[in-house]
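Residue strings, one per chain:
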Amino acid sequence: MSFLRAMLATWRAVLADLGAVLLLLGACVAYSFFYPLPYEREKVERVPVAVVDLDDSPLSRQLVRFAMASPQLDVLQVGRDLPAAQAALASGQVMGVALIPAGLKADVQRGKRTEVQIAGNAAYALINKTVLSGFAAAAGTVSAGIDVRRFASHGASTQQAIDAALPVNYIARPVFNVDEGYGSYVVPGVAPLIVQQTLVIGISLLLGLWAEQRRAGQAPLPTRLQAQPWSGFFGLWAAFALIGLLNALYYFGFVFHFQGYPQAPRLAEMLLVASLFALASSAFGLCLGQCFGVRERGMQLLLFSSIPMLFVSGFPWPAEALPEPIATLRWLLPCTPGIQASLAVNQLGAPFSAISAEVFALLAHSVGWGTAAAWLFRRRWAPQ
């Protein structure tokens, strides 16, 4: 009963504090709508570009038409003025320029190798990739047509000419991120970190407030729980872990479906990962939160740690490319196995056997951080 009373008392303390409610419950809901918003269109399309046609031949005009037909490109300028196109690229009016050299058709008729130069704005990696791939597809289509006509002129049938021009038929079928969208890639990976950080910062806010109350001569919740220190601490831990579990299930269940991100039907594995991740993150928060004696200090110090945590998790940056000390120390963060296990289960449909290392790591986090938090709790809040 003391365990349940501690849980209920923690929930009442959370609901009585507007800041805690906003961080522990409201922040995840707000992030679920505002964070995916910039990636709503998923793929970059209709990028403004310019074409400098110095050849002005039927072949070069065909290449321009194919570029105009590409869904990736929006050809705003076609002309012969290269400095003007370069100025437009420098000013941001266009994000790419294709230069068709003079003598393109003559070189092709002589069987001479020729090149179409493409310049993009490398400050925007996705846009630059779209420009390069759009022009490359247009040039590849024109080149394939030339090869087909050349083989047909030697007496080959249409199908034989196509087979000779394209001996290897390349068909790309994305297995998981079927739209190849940036939102489907980044949001499922960031979601566990959002759950962890809102939970950790919210816990540090409450623990900092309780430390202020104790210095003011009041009886904060942890002091009242010292009558039953072990059941009181585990009730406190369970209350925060339940909040983390609800937030994790909200993302893994509702948000991914609502936003249309790829999901795999692995309910049992998803529940296990969400439960262990909530336990580990809440223990991590209880341990860090007891290091702060001021209500706002945890937010001030922990808010900017989210980006480094994301980059060392092995999700946006390959873990193999990290320095060895960082690649080892990153496993001290619950988000490292949490992100990997979440992606494996929720997006890739991995079974239990494929996430055994991540499950063991989350269990170790729960035990390790939980033990440290319990020791700090008894030491800090013991009656004086």
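Values in this document were obtained by computation on a predicted structure and should not be read as measured data.

Here is what the cut-offs are and how they apply
Residues numbered from 1 in each chain as written. Predicted model: local features only at pLDDT ≥ 70, side-chain atom pairs only at ≥ 80, totals over all residues. Heavy atoms only, no water. Helix = DSSP H or I, 4+ residues; strand = E, 2+ residues; numbered from the N terminus. Rg over C-alpha atoms; globule rule 2.2 N^0.38 Å. Buried < 20%, exposed > 50% of the residue type's maximum accessible area, 1.4 Å probe, protein only. Contact = heavy atoms within 4.5 Å. Phe/Tyr/Trp six-rings, centres within 6.5 Å; stacked < 30°, edge-to-face > 60°. Patch = residues over 30% accessible without salt bridge, like charges linked within 9 Å, V, L, I, M, F, W, Y side chains within 5 Å. Areas by Shrake-Rupley, 256 points an atom, 1.4 Å probe, with all protein chains shown as cover. Salt bridge = Lys/Arg side-chain N within 4 Å of Asp/Glu carboxyl O. Axes fitted to C-alpha atoms, helices over the stretch in contact; angles between N-to-C directions. Left-handed = near helix turned anticlockwise from the far one by under 90°. Nonpolar A, V, L, I, M, F, W, Y, C, P; charged D, E, K, R; others polar. Disulfide = S-S within 2.5 Å. Expected span 1.5 Å × (residues − 1). Bend = angle between axes of the 7 residues up to and from the residue. Polar contact = N/O pair within 3.5 Å; in protein donor to acceptor, adjacent residues only side chain to side chain. Core = buried A, V, L, I, M, F, W, Y, C linked by side-chain atoms within 4.5 Å.

**Some remarks on the overall build of the protein chain**
And then number 1: Within the protein chain, the secondary structure is distributed over 16 helices and four strands.
And then number 2: By the compact-globule yardstick of 21 Å for 384 residues, the protein chain is too spread out, its C-alpha radius of gyration being 29 Å.
And then number 3: Seen through its principal axes, the protein chain has C-alpha atoms that stretch 95 × 45 × 40 Å.
And then number 4: Split into buried and exposed, the 384 residues of the protein chain put 45% on the buried side.
And then number 5: At a minimum sequence separation of 6, the contacts of the protein chain that also span at least 24 residues come to 80%.

**What about the packing of aromatic side chains?**
And then number 1: Within this structure, the stated rule accounts for 15 aromatic pairs.
And then number 2: For the pair Y182 and Y185, a centre-to-centre distance of 5.5 Å together with 55° between the ring planes defines the contact as tilted. Separated by three residues within a single helix, Y182 and Y185 lie in helix α8 (residues 182–215), roughly one turn from each other.
And then number 3: Judged by its relative accessible area of 32%, Y185 is partly exposed.
And then number 4: Ring plane angle 50° and centroid distance 5.4 Å describe the contact between F233 and F377, whose orientation is recorded as tilted. With F233 in helix α10 (residues 229–258) and F377 in helix α16 (residues 356–381), the pair connects residues that are 144 residues apart, well separated along the chain.

**Notes on a nonpolar patch on the surface**
And then number 1: The grouping of V29, F33, F34, L37, F254 and F258 at the surface amounts to a nonpolar patch, some 600 Å² of accessible area in total.
And then number 2: The greatest single-element share of the nonpolar patch, amounting to three residues, is contributed by helix α2 (residues 18–34).
And then number 3: Within the element layout of this structure, F34 appears in helix α2.
And then number 4: F34 gets classed as exposed once you look at its relative accessible area, which sits at 62%.

**Quick look at the environment of L206**
And then number 1: Turning to its location among the elements, L206 is positioned in helix α8.
And then number 2: When the C-alpha atoms of L206 and L221 are compared, they prove to be 9.8 Å apart, with 15 residues separating the residues in sequence.
And then number 3: Setting aside chain neighbours within four positions, we find L206 in contact with A13, V14, D17, A20, L24 and F240.

**Observations regarding the pattern of salt bridges**
And then number 1: Across all of its chains, the model carries five salt bridges by this definition.
And then number 2: Across the pair D74 and R46 runs a salt bridge, and its minimum N-O distance is 3.7 Å. Remark: R46 occurs in the loop between α2 and β1 (47–53) and D74 occurs in strand β2 (residues 73–79); sequence separation between them is 28 residues.
And then number 3: In this structure D74 comes out as partly exposed when scored by relative accessible area, which is 26%.
And then number 4: Between R266 and E269 there is a salt bridge, with the nearest N and O atoms lying 3.3 Å from each other.

**Here's the deal with the packing of helix α15 (residues 335–347) against α16**
And then number 1: Relative orientation of the contacting elements α15 and α16 amounts to 145°, with a least axis distance of 9 Å. As for the relative orientation of α15 and α16, their crossing is left-handed in sense. Between α15 and α16, the residues in contact are P337, G338, Q340 and A341 and E358, A361, L362 and H365, respectively.
And then number 2: Residue composition of the contact of α15 with α16, grouped by class: four nonpolar, three polar and one charged.

**Regarding the state of the cysteines**
And then number 1: Here the structure, examined in full by the defined rule, presents zero disulfides.
And then number 2: The closest cysteine sulfur to the non-disulfide-bonded C287 is located on C291, 6.1 Å from its own sulfur.
And then number 3: No disulfide involves C335; its sulfur sits 14 Å from the nearest other cysteine sulfur, which is in C28.
And then number 4: According to the relative accessible area criterion, C335 is buried, its value standing at 0%.

**Some words on the environment of I339**
And then number 1: With respect to the element layout, I339 can be found in helix α15.
And then number 2: I339 sits in the buried class, given a relative accessible area of 0%.
And then number 3: As for I339 and F315, which are separated by 24 residues in sequence, their C-alpha atoms are 7.5 Å apart.
And then number 4: When sequence neighbours within four positions are dropped, the list of residues in contact with I339 reads G189, P192, L193, L310, S313 and F315.

**Focus on unusual backbone geometry**
And then number 1: Its identity is not glycine, yet R46 carries a phi of approximately 55°, on the positive side.
And then number 2: Positive phi, close to 50°, is recorded for D56, a residue that is not glycine.
And then number 3: Of the residues examined, D56 reaches a relative accessible area of 45% and is grouped as partly exposed.

**Focus: α2**
In an α-helix, one turn spans 3.6 residues; hence positions three or four apart end up facing the same way.
And then number 1: Here α2 spans only 21 Å end to end across 17 residues, well under the 24 Å set by a 1.5 Å rise per residue.
And then number 2: At G26, α2 shows its maximal kink, close to 50°.
And then number 3: Where α2 starts, the residue carrying a side-chain oxygen 3.0 Å from the main-chain nitrogen of G19 turns out to be D17.

**A word on the nonpolar core**
And then number 1: Grouped together as the largest cluster of nonpolar side chains are 77 residues, with contacts concentrated most on L24, W210, L236, F240, Y251 and L286.
And then number 2: Contributing elements (two or more residues each) for this core: α1 (2–15), α2, α8, α10, α11 (267–289), α13 (306–312), α15 and α16.
And then number 3: Element by element, the count of residues in this core is highest for α8, at 17 residues.
And then number 4: Discounting residues that sit within four places of it in the chain, L24 has contacts with V14, T198, L199, G202, I203, L206, F240, I243 and N247.
And then number 5: Judged by nonpolar contacts, the second largest core, of 18 residues, contains L63, A67, M95 and V131.

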